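Now for the letters of each chain:
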Amino acid sequence: MSPVQALSSPAAAAPTTPERPRIVGARTFLQQFKPLETVIDGLPTARGAIVAITGATGGGKTTLCALLQVCLRLGRDFAGREVTKGSVLVLAGENPDDYAMHLLATIQHLGIEPGQLSSPVDSTGLWVIPGTFSVLDQVDHIDHVLSGQTEDLVAVFVDTSAAFYAGEDENDNVAMRRHASILRELSTLPGKPTVFVLCHPTKSATRDNLLPRGGGAFLAEVDSNLTVWKDDSGIVTLHHAGKIRGATFDPIRFELVSVELEGHKDCRGRPIFSTAARHLPDERAEQIEEKVLDDENRLLVAMQRKPGGSLADLAMAAGMTTGGGTPNRSKVYRLMQKLAADGLVQKSRTGVWRLTSKGKKEADELP
């Protein structure tokens, strides 16, 4: 009888007795316990876990993850934290070209050659699968391709959850739970990697409540939810919200650095720029925040002295100019947006920015 005939025979189709659960004493159970290995020291990134990284579009999560991927691949500290060196797989589904620019900017900023990221000799390295596909259908294929590596696969990055979601409604709890379960299959690849899933936040998300889309079902299925938030000073903060399995940690801050991509031009021969992430020590982050606050205060005083002034007038009055002495209107506009969010200024129907009563009070109290 052939294997196909055996599978179709009544005997083969008969139900089998389920395996009985193993019952052990507490002493044996505890003796079998092994502490979880985290791929980033002090962060909830256990091997085999699925970790959401939630941040708004343009908030820096792809840039930050590009830095993390390179650190894991080369065994370099990430924000001063020891990492587990190994191979890394990136599913670049949302925008492969944008990811390529962030990765180029990152290695260029770190002084790394692309050849350092992968070795065709022993099939180890930072591997990228551009475009979208059915994760469930391709896990076995990926497993087969990566099984010959001499180094463990320590991490898989899914960029983004939405790009690989096969359903139609991200608010479908049942479908989103299944989606998370499918992504968890990536943790069964050789090396039992940590699976990092980049997620867009819910519409109502705030800095302190950055939760991934998908209702409570997706969050319930992941092990931890790390968050990425970029504030008005340009500082990107890595923290957590909603769920964390493991010890909590203090916010880790980064700045985004503009990098001109060497050897690359656009279709008109102009330079191409992207961004790389750089860890900010607390002292440097505090200096940047103090500078932004000082700029806001100077602008409030300028508005008090020149009520109804244009952005150019206010820029000159506040001493905000470009290298050539031209009023930096774009900087003033960005600051106006922040002050408006804080209720200190408002824009009239005619487009003139004015201090609110709260703003006038703040300006009066400044030296």
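Position labels on residues start from 1 in each chain and follow its written sequence. It should be noted that, the model being predicted, local features are given only for residues of pLDDT at least 70 and side-chain atom pairs only at 80 or more, the latter also being counted only at that level, while totals for whole chains, interfaces and linings use all residues. No hydrogens and no water enter the side-chain calculation; it runs on all heavy atoms of the structure.

Caption draft 1: Geometry of the state of the cysteines. The term disulfide is used for any two cysteine sulfur atoms that are within 2.5 Å. Applying the stated criterion to the full structure yields zero disulfides. With no disulfide of its own, Cys65 lies closest to Cys199 among cysteine sulfurs, the gap being 10 Å.

Caption draft 2: Local environment of the pairing of strand S5 (residues 153–159). Each residue is placed in one exposure class: buried if its accessible area under a 1.4 Å probe, protein chains only, is under 20% of its type's maximum, exposed if it is over 50%, and partly exposed if it falls in between. Each helix corresponds to a stretch of at least 4 residues labelled H or I by DSSP, and each strand to a stretch of at least 2 residues labelled E; elements are numbered beginning at the N terminus. Within S5, seven of the seven residues are buried, leaving the element largely enclosed by the surrounding structure. At least two DSSP bridges between two strands are required for those strands to pair. Pairing of strand S2 (residues 87–92) with S5 involves six bridges; the strand directions are parallel. Bridging from a neighbouring strand, Leu91 pairs with Val158 of S5. Both S5 and strand S6 (residues 194–199) contribute to a ladder of five bridges, which runs parallel. Paired with Asp159 across the two strands is Leu198, which belongs to S6. Following the chain from S5 across helix H7 (residues 173–184) to the adjacent parallel S6, one finds a crossover that is right-handed. The crossover handedness rule: strands pointing away from the viewer, path from first strand over the helix to second strand clockwise, crossover right-handed.

Caption draft 3: A look at the environment of His239. Assignment of secondary structure puts His239 in strand S8 (residues 235–240). Along the primary structure His239 and Trp229 are separated by ten residues, whereas in three dimensions their C-alpha atoms are 8.4 Å apart. For this analysis, residues touch if any pair of their heavy atoms sits within 4.5 Å. Ignoring sequence-local partners within four residues, the contact set of His239 consists of Asn225, Leu226, Thr227, Phe249, Asp250 and Pro251. Polar contact is defined as a pair of N or O atoms within 3.5 Å, subject to the rule that within protein one atom must be able to donate a hydrogen and the other to accept it, and that residues adjacent in sequence are counted only when both atoms are side-chain atoms. Reaching out from His239, the side chain makes a polar contact with the backbone oxygen of Phe249 at a distance of 2.9 Å.

Caption draft 4: The nonpolar core, seen in detail. We define a nonpolar core as any set of buried Ala, Val, Leu, Ile, Met, Phe, Trp, Tyr and Cys residues linked to one another through side-chain atoms lying within 4.5 Å. Ile40, Leu72, Phe78, Phe157, Phe196, Leu238 and Phe254 are the most contacted members of the largest nonpolar core, which has 39 residues in total. For this core, the leading source of residues is helix H4 (residues 61–74), giving seven residues. If we ignore the near neighbours within four places in the chain, the residues touching Phe78 are Ile40, Leu64, Leu67, Leu68, Cys71, Val83, Leu238 and Phe254.

Caption draft 5: Layout of the side chain of Thr194. Structurally, Thr194 can be placed in strand S6. Residue Thr194 is classed as buried on the basis of its relative accessible area, which comes to 0%.

Caption draft 6: Quick peek at the environment of Lys360. Within the secondary structure, Lys360 is located in helix H12 (residues 357–365). By relative accessible area, Lys360 is classed as partly exposed at 47%. Linking Lys360 and Leu300, residues 60 residues apart in sequence, is a C-alpha distance of 8.0 Å.

Caption draft 7: Geometry of the packing of helix H9 (residues 282–305) against helix H11 (residues 329–341). For the pair H9 and H11, interaxial distance at closest approach is 10 Å and the crossing angle is 90 degrees. The orientation of H9 with respect to H11, classified from their angle, is roughly perpendicular. Contacts between H9 and H11 involve Lys291, Asp295, Glu296, Leu299, Leu300 and Met303 from the first element and Lys331, Val332, Leu335, Met336, Lys338 and Leu339 from the second. A per-class count over the contact of H9 with H11 returns seven nonpolar, no polar and five charged. Axis angles are defined between N-to-C directions and span 0 to 180 degrees, where every axis is a line fitted to C-alpha atoms and, for a helix, only to the segment in contact. Angle categories are assigned with fixed cut-offs, so that under 35 degrees is roughly parallel, over 145 is roughly antiparallel, 65 to 115 is roughly perpendicular, and the rest are oblique. Throughout, the ten residues Ala, Val, Leu, Ile, Met, Phe, Trp, Tyr, Cys and Pro are labelled nonpolar, Asp, Glu, Lys and Arg are labelled charged, and all others, Gly among them, are labelled polar.

Caption draft 8: Fine view of the packing of aromatic side chains. Two aromatic rings, drawn from Phe, Tyr or Trp (for Trp, its six-membered ring), form a pair once their centres lie within 6.5 Å of each other, and the interplanar angle then sorts them: stacked below 30 degrees, edge-to-face above 60, tilted otherwise. Enumeration over the complete set of coordinates arrives at three aromatic pairs. Relative to Phe196, the ring of Phe157 has its centre 4.8 Å away and its plane inclined at 15 degrees; by these criteria the two rings are stacked. Of this pair, Phe157 sits in strand S5 while Phe196 sits in strand S6, placing them 39 residues apart in sequence. Taking the relative accessible area as the measure of exposure, Phe196 reaches 0% and is therefore buried.

Caption draft 9: Layout of the pairing of strand S1 (residues 50–55). Within S1, six of the six residues are buried, leaving the element largely enclosed by the surrounding structure. Side-chain alternation along S1 places Ile50, Ala52 and Thr54 on one buried face and Val51, Ile53 and Gly55 on a second face that is also buried. When S1 meets S6, the two strands line up parallel, connected through five bridges. The partner of Ile53 across the bridge, within S6, is Leu198. In the sheet, S1 pairs with strand S7 (residues 224–230) via five bridges, with the strands oriented parallel. Along S7, the bridge assignment pairs Ala52 with Asn225.

Caption draft 10: The arrangement of the packing of H4 against helix H5 (residues 96–110) in detail. Orientation of H4 relative to H5, taken along the N-to-C sense of each, is 55 degrees, at an axis distance of 9 Å. Judged on the interaxial angle alone, H5 and H4 are oblique. Along this stretch, H4 crosses H5, giving a crossing that reads as right-handed. Of the residues in H5, those touching H4 at Thr62, Thr63, Ala66, Leu67, Gln69 and Val70 are Tyr99, His102, Leu103, Thr106, Ile107 and Leu110. Class assignment of the residues belonging to the contact of H4 with H5 gives a composition of seven nonpolar, five polar and no charged. We call a crossing left-handed when the near helix sits turned anticlockwise from the far one by less than a right angle, and right-handed when that turn is clockwise.

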